[in-house]
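# Reading the structure
Spelled out, the chains give:
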Amino acid sequence: MRPSPSPLAPLGLTCCLSFVALSPALAAADEEAQEDTSSVFVIRAAQVVVRPGEVLENTAILVRDGRIVRIAADLETPDGAVEVQGEVVCAGFIDPWSALGLDGSVLDDRSSDAATRTADGVDLFSNDHLRAEALRAGVTLARLQGGYRAAVGGLGAFVRLDPALDSASEAIVDDSAGLAMSLGLSLPGSMRFSRGSDGSLRMLSGDRAVDVFDRVEAVDRVAAAIETGRQYREREVEYRYELEEWQKAIDEKTLKLEKDFKKAKKSRKKDQDKAEDKGKEFKEKKYKEDKRPRAPKFNAERAELARVAAGETPLVVEVHRASEIRNLLEATKGFTRLRLVIAGASESLSVAAELAERSVPVIVWPSLSGTSRPDELSASDLSLAGNLAAEGVTVLLGSGGRDAAAARDLPLLAALAVGHGLDPELAFKALTSLSAETFDLADRLGSVEIGKDADLLVLDAMPFHPGASVRYVFSGGRLAITPEN
Amino acid sequence: MLTLLLTAASLALGGESPPPVVPPETLGSPKTVFAGTVTAFKASRLYLGDGRILEPGVLIVNDGIITRVGGDLEIPSGAALIEHEGCITPGLIALHSTDGVGAELSDTTRVALPDADASHAFQPLDHDFARARAAGITALVLAPSITSLVGGQSTVVKTHGGTIVKRGAHLALGLSSDALNSGRFPTSYDGALGELKRLFSDPEGPIARAVAGNLPVLMAVNTRAETRRALRFAAEFQLKGALYGSTWAEDLSLEIGESGLAVICDPFDVGDSARSVRAVLALAKAGVPFGFGLDAPGRHPDCLRFGAALCVRAGLDPQVARRALTSDAASIAGVAGRIGRLARGLDADLVLWSADPIQLTSSVEAVYIDGQRVTQH
């Protein structure tokens, strides 16, 4: 920024602060940590599953400071490094739909909105045993989602399940992991009634639809919410354009005034003297460029919805009935940038072709619930994952986001899905790379590649094959589970 | 006599002609498996149910009864041959369930109903049984609700054909808090035990048979204290039978072992506590015979296998787990002479799996009850 000469003082030149200075300090900290060999591991395995379908034979992986730094057959173990051996190494399993680590009040919250962050409600100080069990089962990362009962549940969070991590900054990998909404979930026991002006009793359900007409409206509300986000983004972009234009105009004017600086100064002095003579107050000359474009009023909810409309944050909608899924697909057709993810989708088989065509991933919850379940889940079947995959739908597998302890059993539920027709390789993909890709974590997680976080499993056999028990688990480069502990 | 029958069958059908190889998928209709015919099942692996494995194995079934089991048996001429690449096990047995009985088996107003017979609530055509079959379950124990002190007698049924394998399998006793607090007498543990002792001290009918050791009891328990109380009660009246409820059995496995009682484990579900799993491991270590409850239709029939898989993942010997689902379960239900194993003379209740049933990735490819194919795939 250059100093502005006095005639230009009224021009509201903006000032921007730079935070660039912070990053070198971080880099220095990284370098220091590299000296510590206690975080260096070499994992040797007969088979390394780089990503689903890509296997390296007799390979070693060097892990340093939480990351995979080398993968090679002829890797020597550095001094002081810990060596681990096993049959198969693959990426840690990811549960994209979990409740593990959420306080009950966060999970059941019905007042959440688009700006509510599940990350703020992650409780790392209880249920350590559940995290340890999940980790032992191979689930290293979970996407937690609060407010599943609410129409808008807010932003999900990806959290490492290593119980040794007790600070949010270490455990939370992503704090805006999809914006959650839900459609047509029944809420037994939470219905409220109000008496209308005509004395009739009317059922209230908070923000949630319970009857069929309400449900149609609920789909419209989802679309309307995305539309407000789209408009908000449009206004933001407009403002940015106006601001640019304004800046340009100011620059031009500045240039012009600088060119005629002496003349302008003289003229200003003259005006000043004249005012003094007449005993009047001197007024600076007004320029039309003074008028700064007005920034749109900040709205936290709309800002998040804007990110959803622009495809920066995926929209995860839990919806089960075929009619609602179809309506949702129809209502969101116009939002070309929207990245829709459907969770649950019990009755989605009849709309599988559309889901495949629109490339909408589905988080299937292979549930073992019996016949007494809410009606929207009545069609839920263990064969859903296999059937959807056969229709070309991208299938993720999650533990349902209601029961914290269920994350531990996700690999078993995935195995059941395999038993009911899902290809084992697709099941493995569903638990690793697909979750990472769907939620923009693929540059860090979901595969075994140089530079990726070392969330790794060492197993006795290929995942979803007989004898595939987990022996070692690495979480963020820490050896968290061994056969001994 | 069976060999005679086989010879007769082969003579009648011309003797020398090679056995017809019929692909399993065409065997759905009763037309192909006709009565009086010999069927041979040949599989890559047979789990006999008692822990033994045959690789490969052949099973000869005549009129719904297993007549021979062996590693490399000659297929009788004239027999329909079903070749299966995968495993065959005896049908799974769920030890505690309420499939197809609706609201029956739960009498909330009465304290003791020793004469109530669960077989009267059996509705064989209910869709619950089709779901159970699809999960490889060929028999289950319909048990009275645990909300009465004496709930009545359980019954063992097959999931196809309306067959009642055994009436009066157990006398169901409620020793958990579920039998209390129902707004009727008794409302406390001591009240409940006092009433039970009164009934068992001057026994009549089924209770007298239980005291005489002729009718096993099934004692529902939840907590450690309830388990201990049940063990003491059984010892006092020298009762035989099983505990229903294993969650807290980890520390009590030795005591349970000494009591001679078997255990029916609580049904397992997703996310169940590690304690329940450790309890099963402890029971296995103590040599206590155990099987799994299911309590369908409130639970998914696959919960039966899920529970076994959960325990195997935690270190239970797969062989013990497979026994718990078949032969041990049959012994606990008192029907080991008819079902639960692949052995000569037992009912041909079989499941054709893609692989080991303990692996949840394995799928049910066909189910046979009394030698008849009962699933459509």
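All values derive from a computational prediction rather than experimental measurement.

This part covers the overall build of chain A. Within chain A, the secondary structure is distributed over 13 helices and 19 strands. Counting all 485 residues of chain A, 48% fall into the buried class. Pairs at least 24 residues apart make up 71% of the contacts formed inside chain A by residues separated by at least 6 positions. Accessible surface computed for chain A: about 23,300 Å², of which carbon and sulfur atoms make up 51%.

Leu 397 of chain A together with Phe 200 of chain B are the most contacted members of the largest nonpolar core, which has 166 residues in total. If you tally residues by element for this core, the top one is helix α11 (residues 410–419) of chain A, at eight residues. Residues Ala 139, Ala 220, Ala 329 and Ile 332 of chain B belong to the second largest nonpolar core, which totals 20 residues.

Now for the sheet that holds strand β11 (residues 171–174) of chain B. Note: strands within a sheet are paired through backbone hydrogen bonds, in either parallel or antiparallel orientation. Residues and elements named next belong to chain B. Across the sheet, which stays open at both edges, the six strands sit in the order β8-β11-β12-β13-β14-β15 with mixed pairing between neighbours. Strands at the two margins of the open sheet, each flanked by one partner only, are β8 (150–153) and β15 (290–292). Ignoring strand direction, the axes of neighbouring strands in this sheet form an average angle of 20 degrees.

Our focus in this paragraph is the packing of aromatic side chains. Residues and elements named next belong to chain B. For the structure shown, the criterion picks out eleven aromatic pairs over all chains. Note on Phe 200 and Phe 233: the rings are 5.1 Å apart at their centroids and 80 degrees apart in plane angle, and the pair reads as edge-to-face. With Phe 200 in helix α3 (residues 189–201) and Phe 233 in helix α5 (residues 224–236), this pair connects stretches of sequence that are 33 residues apart. Comparing Phe 200 with Phe 233 shows no difference in burial state: the two are buried. For the pair Phe 200 and Phe 237, a centre-to-centre distance of 5.7 Å together with 55 degrees between the ring planes defines the contact as tilted. With Phe 200 in helix α3 and Phe 237 in the loop between α5 and β13 (241–244), this pair connects stretches of sequence that are 37 residues apart.

So, about the environment of Val 211 of chain B. Mapped onto the fold, Val 211 of chain B is located in helix α4 (residues 205–211). For Val 211 of chain B, the residues in contact, after removing those within four places along its chain, are Phe 200, Pro 203, Phe 237 and Leu 239 of chain B.

Over its 17 residues, helix α6 (residues 261–277) of chain A extends 24 Å from the first C-alpha to the last, a length consistent with the 24 Å expected when each residue adds 1.5 Å. Gly 279 of chain A lies just past α6 of chain A and shows a positive phi near 70 degrees.

Moving on, we come to the packing of helix α8 (residues 303–313) of chain B against helix α9 (residues 318–325) of chain B. Residues and elements named next belong to chain B. Between α8 and α9, the shortest axis-to-axis distance is 9 Å and the interhelical angle comes to 160 degrees. By the criterion of interaxial angle, the relationship of α8 to α9 is roughly antiparallel. Judged by the twist between their axes, the crossing of α8 over α9 is right-handed. Contact residues: Leu 304, Ala 308 and Val 312 in α8; Pro 318, Ala 321 and Leu 325 in α9. Grouping the constituent residues of the contact of α8 with α9 by class yields six nonpolar, no polar and no charged.

Further remarks concern the side chain of Thr 375 of chain B. Residue and element names in this part refer to chain B. Relative to the helices and strands, Thr 375 is located in the segment after β18 (372–373). Judged by relative accessible area, Thr 375 falls into the buried class, the value being 6%. Excluding residues within four positions of it along the chain, Thr 375 makes contact with Arg 133, Ala 366 and Val 367.

This part is about unusual backbone geometry. For the bond from Glu 55 of chain B to Pro 56 of chain B, the omega torsion is -10 degrees, close enough to zero to count as cis. Tracing the backbone through its elements, the reader meets Pro 56 of chain B in the loop between β2 (53–54) and β3 (57–62). Pro 297 of chain B follows Ala 296 of chain B through a cis peptide bond whose omega is 5 degrees. Relative to the assigned elements, Pro 297 of chain B resides in the loop between β15 and α8. Despite not being glycine, Asn 58 of chain A shows a phi value in the positive range, around 40 degrees. Following the sequence through the fold, Asn 58 of chain A ends up in strand β2 (residues 54–64). A positive phi angle is found at Asp 65 of chain A, which is not glycine, with a value near 50 degrees. You can see Asp 65 of chain A is positioned in the loop between β2 and β3 (67–72). Residue class for Asp 65 of chain A comes out partly exposed when judged on its relative accessible area of 29%.

The next point concerns the interface of chain B and chain A. Contacts between the two partners involve 23 residues from chain B, matched on the other side by 25 residues from chain A. When chain B packs against chain A, the two sides together hide about 1,800 Å² of surface, and 61% of this comes from carbon and sulfur. Summed over the three residues of chain B that lose the most area to chain A, namely Val 270, Arg 313 and Thr 361 of chain B, the buried surface amounts to 31% of that side. Linking chain B to chain A there are one salt bridge. Taking the shortest distance from any N to any O, the salt bridge between Asp 409 of chain A and Arg 313 of chain B comes out at 3.2 Å. Across the contact surface, chain B and chain A share seven residue pairs in polar contact (both at pLDDT 80 or more). Contributions of two or more residues to the side of chain B that touches chain A are made by α2 (127–134) and α8 of chain B.

This part is about the sheet that holds strand β10 (residues 179–183) of chain A. All names here are of chain A. As summarised here, the arrangement of the six strands in space is β7-β10-β13-β14-β15-β16, forming an open sheet in which the pairing is mixed. With one partner strand each, in any of the chains shown, β7 (152–155) and β16 (395–397) form the two edges of the open sheet. Shown here is a sheet whose adjacent strand axes are inclined to one another by a mean of 25 degrees, direction ignored. Along the sheet, helix α5 (residues 212–259) contacts β10 and β13 (315–319); its crossing angle with β10, the most-contacted strand, is approximately 160 degrees.

Here the structure, examined in full by the defined rule, presents 50 salt bridges over all chains. Close ionic contact of Asp 108 of chain A with Arg 149 of chain A constitutes a salt bridge, the shortest N to O distance being 3.3 Å. One end of the pair, Asp 108 of chain A, is in helix α2 (residues 104–108); the other, Arg 149 of chain A, is in the loop between β6 (139–144) and β7, with 41 residues separating them in the sequence. When its relative accessible area of 39% is taken as the criterion, Asp 108 of chain A is described as partly exposed. Residue class for Arg 149 of chain A comes out partly exposed when judged on its relative accessible area of 22%. Its salt-bridge partner being Arg 323 of chain B, residue Asp 328 of chain B comes within 3.4 Å of it at the nearest N-O pair.

Attention now goes to the pairing of strand β14 (residues 262–265) of chain B. Residue and element names in this part refer to chain B. Of the two faces of β14, the one holding Ala 262 and Ile 264 and the one holding Val 263 and Cys 265 are both buried throughout. Across three bridges, the pairing between β13 and β14 is parallel. What sits directly across from Leu 243, in β14, is Val 263. Between the parallel pair β13 and β14, the chain is carried across by helix α6 (residues 253–259), and the sense of this crossover is right-handed. In this structure, β14 lies alongside β15, joined through three bridges in parallel fashion. Counted as the bridge partner of Val 263 is Phe 290 from β15.

Residues and elements named next belong to chain A. Looking at the secondary structure, you find Phe 93 in strand β5 (residues 93–98). Taking the relative accessible area as the measure of exposure, Phe 93 reaches 4% and is therefore buried. Contacts of Phe 93, omitting those with residues within four sequence positions, involve Ala 137, Gly 138, Val 139, Thr 140, Leu 141, Pro 411, Phe 428, Leu 431, Thr 432, Leu 457 and Pro 463.

All names here are of chain A. Along helix α7 (residues 300–309), the residues that are buried comprise Ala 303, Glu 304, Leu 305, Ala 306, Val 308 and Ala 309. Those residues of α7 hidden inside the fold are in contact with β7, β10, α5 and β13. In this structure Asn 299 caps α7, since a side-chain oxygen of it lies 3.0 Å from the backbone nitrogen of Glu 301. In the segment just after α7, Gly 311 is the residue with positive phi, at about 80 degrees.

All right, on to the confidence of the model for chain A then. Looking at chain A, pLDDT values average 87 and 87% of them are 70 or higher. Predicted confidence for residues 1–35 of chain A stays below pLDDT 50, and this span has 28 contacts to residues more than four positions away or in other chains.

Here we come to a positive patch on the surface. The grouping of Lys 270, Lys 274, Lys 278, Lys 280, Lys 283 and Lys 286 of chain A at the surface amounts to a positive patch. Owing to a relative accessible area of 60%, Lys 270 of chain A belongs among the exposed residues under this scheme.

About the cut-offs
Residues numbered from 1 in each chain as written. Chains lettered and ligands numbered in written order. Predicted model: local features only at pLDDT ≥ 70, side-chain atom pairs only at ≥ 80, totals over all residues. Heavy atoms only, no water. Helix = DSSP H or I, 4+ residues; strand = E, 2+ residues; numbered from the N terminus. Buried < 20%, exposed > 50% of the residue type's maximum accessible area, 1.4 Å probe, protein only. Contact = heavy atoms within 4.5 Å. Areas by Shrake-Rupley, 256 points an atom, 1.4 Å probe, with all protein chains shown as cover. Core = buried A, V, L, I, M, F, W, Y, C linked by side-chain atoms within 4.5 Å. Pairing = 2+ DSSP bridges. Axes fitted to C-alpha atoms, helices over the stretch in contact; angles between N-to-C directions. Phe/Tyr/Trp six-rings, centres within 6.5 Å; stacked < 30°, edge-to-face > 60°. Expected span 1.5 Å × (residues − 1). Parallel < 35°, antiparallel > 145°, perpendicular 65-115°, else oblique. Left-handed = near helix turned anticlockwise from the far one by under 90°. Nonpolar A, V, L, I, M, F, W, Y, C, P; charged D, E, K, R; others polar. Buried area = accessible area lost by both parts, 1.4 Å probe. Salt bridge = Lys/Arg side-chain N within 4 Å of Asp/Glu carboxyl O. Polar contact = N/O pair within 3.5 Å; in protein donor to acceptor, adjacent residues only side chain to side chain. Right-handed = clockwise from strand over helix to strand, strands pointing away. pLDDT = per-residue confidence, 0-100. Patch = residues over 30% accessible without salt bridge, like charges linked within 9 Å, V, L, I, M, F, W, Y side chains within 5 Å. Lys, Arg positive; Asp, Glu negative; His and termini not counted. Charge placed at Lys NZ, Arg CZ, Asp CG, Glu CD.

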